[in-house]
Structures are given as C-alpha cells and as structure tokens.
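The lines below spell out each chain.
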Amino acid sequence: MASIWEYANPRKFMATSAALLPWTAGVAALCLVTGLVWGFFFTPDDFRQGSTVKIIYVHVPSAIMAINAWLMMLVASLIWVIRRHHVSALAAKAAAPVGMVFTLIALATGALWGQPMWGTWWEWDPRLTSFLILFLFYLGYMALWEAIDNPDSAADLTAVLCLVGSVFAVISRYALLFWNQGLHQGATLSLDREQNIANVFWYPLVITLAGFGFLFIALVLYRTQTEIRARRLKALIAQERMA
Amino acid sequence: MPDLGTYALPVLSSYAVSLGLLIAVIIASVWKARRVRAQLENVENRRGRSA
Amino acid sequence: MIGLLKRDLALAIRAGGGFGLSLAFFLIFTTLVPFGVGPQTQVLAEIAPGILWLGALLACLLSLDRIFQLDWEDGTLDLIATSPVPLEGLAAMKALAHWITTGLPLVAAAPMLGLLLNLPGPAYPWLVAALALGTPALSAIGTFGAALTVGIKRGGLLLSLLVLPLYMPTLIFGALCVTRGADGLDALTPLILMGGITLGSLAILPFAAAAALRVNLR
C-alpha cells in the first residue's frame, strides 16, 4: 500500500520531510562532530604523511558525496522524465548546489593536502581533473535552471542535460585515464577489500562519511521544501496577476 | 590541541575551508527558506483577506 | 530532410559569414598564439596540436547559437515542427549543415595553420584525420546545446558553459592523436576512441536535441 510514489504528492512530501528533517539533521550533526573531533584530536599521525592524514576526514567523504549527489540528481531526473513527479525535479534542483559545495570542498582540501605532499597545489591528474569537470557540470546545470522562466520547461531541459552530462562525464573519466597517468593514490575506501586502511583511521572516517551523507539528505529535504514553497509562491503570484 | 608538526597550516586551513563551505551552504539554504516562507505567508494572508 | 539541408546551406552561403567567419576566427586565434607564448619554433611545435584543436573547438562554438536561433525567432522552427519531418531528423540535418559550413572548412584549413605553428611533418595526416573524425562530434554536441538554450535570450554564454565540458573527451583524444602523431608514436588508438565518441554522439544526441526542442516549442 505505502508506495514510494506517494511522496510524489507535494503535501505528503512536505509532511514526511518535515517529520524526517530534525532526525536527519540531528544525526548528521552528531556524526560530523563525533567523526571530525575524533579524527582531528584522537588519531595518530601517519608515518609518511605526518599530520596531513587528518585531512582525509573531510576530503574523502566530501568527494564520495559529491559523486553520489550527482547520481541522486540523475535518478531524480530520470523519475521526472519518466513519471512526471514534480517533487522529483525539484529535489534534483535542490541537490545541485549542495553537490557543488561538496565538490569544491574535495578540490580545496585536495589542493591543501597536495601542496606539502606532492609539492604542488594542482596536478593535471585524472582524478583531480575529473572533479574539476564535475564542478563545471554542476555549474552548467545550475545555470540552466536559473536561465529558464517556465518551471516545467526548466525541469525538462535540465533533466535532459543531466542525462547527457552523465554519459559524457563517464566518458571524460576514462578519457582522462588514457590522457595522463595520475599521482593520486587509489580509492581509499572500497567494498571488495579486506581492510582498507588501518582501523585507527577507518572508524572516524566511516563516521564522518555517514555525517556527510546525512547532511546531504537533510539539506536536500530542506531545500526541496523551499523549492516547493517557491513554486507555490510563483503560482499564486501568477494567479493574482491574471485576476 | 594535537601537535600538528610542520603541517599545521594545511591541516587547519583545510578544516577551516570545509567547515566554512558547509556552514555557508547551510546558511544560504536557511536564508532562502526563510525568505520564501515569509513571502508565501504574505501572499496567502493577502488572498485570505480578499477572499 | 534533404530540402532542409539545402535550405540551411543556401542560407549560410547567401547570408555570408557562415563559411567565412569561423574560418577567419580560426586564423586569428592561431595567429595570436605566438604573441602569447613567444615565437620560439620549438615551443610552438610542441603546443601546435593542442592549439589547433582548441582553435577548431572555439571556432565551432562561436557559430553554435545561430543553428536554431534565427529559425526560432522568425517562426520557421514551429512550422518545421508541425510538418511531417521528425524533429530528430531536423536536429541531425542541422548538425550536418553546421558541420559542412564550419567543420569541413576547419579541416581543410588546419594543415595551413599547422605550417604557421611549425607543426612537425608526420603529424599532418593525423591532424587532418583527427579533425575530420572529431568535428562531426563537435557539431552534434553543439546542436544539442543549441537546442537546450534556444528559448533563452542571450544564451550564448550559457551555451558555452554547457557545451564545453561535453567537448572534453573529443578534445582529449583528438589532441592526443595529433601529439602522438607529431612524436612519431602510434596514434591510431586515440583516433579510434575518438571515432567511437563521434559515432555515439551522432547516434544519441539528435534524439536528445529533439527532446529539448519539443520542450522549447511547447
């Protein structure tokens, strides 16, 4: 009975998201504070990287969430294109700035880490460059939303852009691997390895990752509510003008 | 305060940048939400009276 | 659909500037490069493949907003949309016309400009092959971008922001192919990969462009 499509009703979405928002925001704050404090104050220095290893607690989660935010936008755009649920399109719109900020954090902390470790702020390495391109995609997506007046057309066109952009983003990723061998180390976290990094670093990292994830969810819920209200506001003003 | 050694500047600044950006996006969201909500209430009240 | 193509080509020739302008831009861009980086022939030879590709890319970009804009303004686009020609076909023909008026002259002019930049001898066949294979992708991607932004006033800057990231893979493989050719290495792999991107773009993007046009014509 309780199908996921019920949340396509804005009223239902508003009620559920309002109930969920304090919880997700609370969990996000708790995880972020715990993870970051643990990571910053109570983890040892790495024998090679020294204390710069602490940057991992903001760099890796924000990078992971930057990609997941785009994936979420892709799924939301697909739902909008296929089933025409307005909430879905607005959720994609709401997620874009958050994803962009995550991308920016990953880039900035990466540069700050690279300066002492690799001896350079920026290196045209496949991973770094892919993130720069992801950032550009976020910028273009948001700019297209802003540029179009009619909300339905904007939702449609940005959804098409998101779909095509995803394809080209993946192609770019592999083109970059072909283009230049990188300095960047392999994935810090992956599911198919016994142990990724030493446990002392692993636990706080997982907690901050959960924190970033919940923060993303909370922000998207919150911003989607705002977008729904803004849409209603626009409709009311248009009605008044007609009257 | 842990001893950050020679790398104090990059570590501290990356934490500062990250937290700053996160707080910025949160504040921007709250700001916009407040503004939209106030405008919406404004319009709805006006319509309520006129109707 | 052939009629559409002929019409676009006739308009491009008669209105002037269609063929000439992007070519002139390509020439000016290439001429400006030595002023920026200095006239040392070794430096120029090293960066020539990238510069030529960038010039071709920007020349393509500049002519994109005219693909649909004029037809949109005078209502031709609505007429075509109500005609039996599918919009997908229209998008494909527009891309083809753009390629003939922009891409093809660039391919022909590139070797001459390569001389200006002191491009090494073995790179010339690769330069022509890569541009001939790559510019159709630029036109197809650009048509998609133009279809997205056709309803937006002064959408030119936005168009570049949307289209340039999509040009990335083509640029990477194209420039890599010419660079490898210049170094006497095997340049076939990037060329084939770029051909794959071109074919994929040609197959998919007319549909995406038509979808965007339908939204904009609603």
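These figures come from a predicted structure and were not determined experimentally.

Draft legend 1. Here's a closer look at the overall build of chain A. Across its full length, chain A carries 6 helices and 0 strands. Here chain A, with 243 residues, has 47% of them falling under the buried criterion.

Draft legend 2. Layout of the overall build of chain B. In terms of helices and strands, chain B carries 1 helix and 0 strands. By residue count, 18% of the 51 residues in chain B fall in the buried class.

Draft legend 3. How the structure looks around the interface of chain B and chain A. Taken together, the 23 residues of chain B in the interface contact 31 residues of chain A. Each residue belonging to the side of chain B that touches chain A can be placed in one class, and the counts come to 13 nonpolar, 7 polar and 3 charged.

Draft legend 4. View of the nonpolar core. In this structure, Ala-69 and Ala-95 of chain A together with Ala-56, Ala-130, Phe-144, Ala-147 and Ala-212 of chain C are the most contacted members of the largest nonpolar core, which totals 156 residues. At 19 residues, the largest contribution of residues to this core is made by helix 3 (residues 86-118) of chain A. Other than its neighbours up to four places away in sequence, Ala-56 of chain C contacts Phe-26, Leu-106, Ala-110, Leu-131 and Thr-135 of chain C.

Draft legend 5. Expanded view of the interface of chain A and chain C. Taken together, the 21 residues of chain A in the interface contact 22 residues of chain C. Broken down by element, the side of chain A that touches chain C gets its largest block of residues, 12 residues, from helix 5 (residues 151-179) of chain A. For the side of chain A that touches chain C, the residue count by class is 17 nonpolar, 3 polar and 1 charged.

Draft legend 6. Spatial organisation of the packing of helix 7 (residues 123-148) of chain C against helix 9 (residues 188-217) of chain C. Residues and elements named next belong to chain C. Where helix 7 contacts helix 9, the axes come no closer than 8 Å and their chain directions differ by 20°. Between helix 7 and helix 9, the interaxial angle falls into the category roughly parallel. Of the two possible hands of crossing, helix 7 and helix 9 adopt the one that is left-handed. Judged by residue contacts, Ala-129, Ala-130, Leu-133, Gly-134, Pro-136, Ala-137, Ala-140, Ile-141, Thr-143, Phe-144, Ala-147 and Leu-148 of helix 7 engage Leu-191, Met-194, Gly-195, Ile-197, Thr-198, Ser-201, Leu-202, Leu-205, Ala-208, Ala-209, Ala-212 and Leu-213 from helix 9. Residue composition of the contact of helix 7 with helix 9, grouped by class: 19 nonpolar, 5 polar and no charged.

Draft legend 7. How the structure looks around the environment of Leu-213 of chain C. Residues and elements named next belong to chain C. Take Leu-213: it is sitting in helix 9. Residue class for Leu-213 comes out buried when judged on the 27 C-beta atoms lying within 10 Å of it. Taking C-alpha positions, Leu-213 is 17 Å from His-98, a pair spaced 115 residues apart along the chain. Those residues within four positions of Leu-213 in sequence are excluded, and the remaining contacts are Leu-87, Ala-91 and Ala-147.

Draft legend 8. Layout of helix 4 (residues 66-73) of chain C. Residues and elements named next belong to chain C. For helix 4, every residue scored as buried is listed here: Ile-67, Phe-68 and Asp-71. Projected down its long axis, helix 4 shows its buried positions confined to an angular sector of 70°, all on one face. If you follow the buried residues of helix 4, they end up packed against helix 5 (76-82), helix 6 (87-116) and helix 7. Phi for Gly-75, located one or two positions after helix 4, is positive at around 85°.

Draft legend 9. Inspection of the arrangement of the chains at higher detail. Taken together, the 2 pairs of chains in contact show their highest number of contacts between chains A and B. Chain C makes no contact with chain B, the minimum C-alpha separation between the two being 23 Å.

Draft legend 10. Focus on the environment of Ala-154 of chain A. With respect to the secondary-structure elements, Ala-154 of chain A resides in helix 5. Distance from Ala-154 of chain A to Val-167 of chain A, taken between C-alpha atoms, is 20 Å for residues 13 residues apart in sequence.

Draft legend 11. Representation of the packing of helix 2 (residues 56-83) of chain A against helix 3 of chain A in the model. Residues and elements named next belong to chain A. Running from N to C, helix 2 and helix 3 point in directions that differ by 160°, and their axes come no closer than 8 Å. Relative to helix 3, helix 2 is oriented roughly antiparallel. Of the two elements, helix 2 crosses helix 3, and the hand of that crossing is left-handed. A class-by-class count of the residues in the contact of helix 2 with helix 3 yields 21 nonpolar, 8 polar and no charged.

Draft legend 12. Expanded view of unusual backbone geometry. Positive phi values are uncommon outside glycine, yet Arg-84 of chain A reaches one of about 55°. Tracing the backbone through its elements, the reader meets Arg-84 of chain A in the loop between helix 2 and helix 3. C-beta crowding within 10 Å serves as the criterion here: with 13 such atoms nearby, Arg-84 of chain A is assigned to the partly exposed category. Here the phi dihedral of Asn-118 of chain C falls at roughly 65°; this positive angle occurs in a residue that is not glycine.

Draft legend 13. Spatial organisation of helix 6 of chain C. All names here are of chain C. With 30 residues, helix 6 extends 42 Å between its outermost C-alpha atoms, agreeing within 8% with the 44 Å of an ideal straight helix rising 1.5 Å per residue. A maximum bend of about 40° is found in helix 6 at Trp-99. Downstream of helix 6 by a residue or two, Asn-118 has a phi angle that is positive, lying close to 65°.

Draft legend 14. Layout of the confidence of the model for chain A. Per-chain confidence: chain A averages 84 in pLDDT, with 87% of residues scoring 70 or above. Here helix 5 of chain A is the element of chain A with the lowest mean pLDDT, 87, and helix 2 of chain A is the one with the highest, 91.

Calculation rules
- Residues numbered from 1 in each chain as written.
- Chains lettered and ligands numbered in written order.
- Predicted model: local features only at pLDDT ≥ 70, side-chain atom pairs only at ≥ 80, totals over all residues.
- Helix = DSSP H or I, 4+ residues; strand = E, 2+ residues; numbered from the N terminus.
- Buried ≥ 20, exposed ≤ 12 C-beta atoms within 10 Å, placed from the backbone.
- Contact = placed C-beta atoms within 7 Å.
- Nonpolar A, V, L, I, M, F, W, Y, C, P; charged D, E, K, R; others polar.
- Core = buried A, V, L, I, M, F, W, Y, C linked by C-beta atoms within 7 Å.
- Axes fitted to C-alpha atoms, helices over the stretch in contact; angles between N-to-C directions.
- Parallel < 35°, antiparallel > 145°, perpendicular 65-115°, else oblique.
- Left-handed = near helix turned anticlockwise from the far one by under 90°.
- Arc of directions from axis to C-beta.
- Expected span 1.5 Å × (residues − 1).
- Bend = angle between axes of the 7 residues up to and from the residue.
- pLDDT = per-residue confidence, 0-100.

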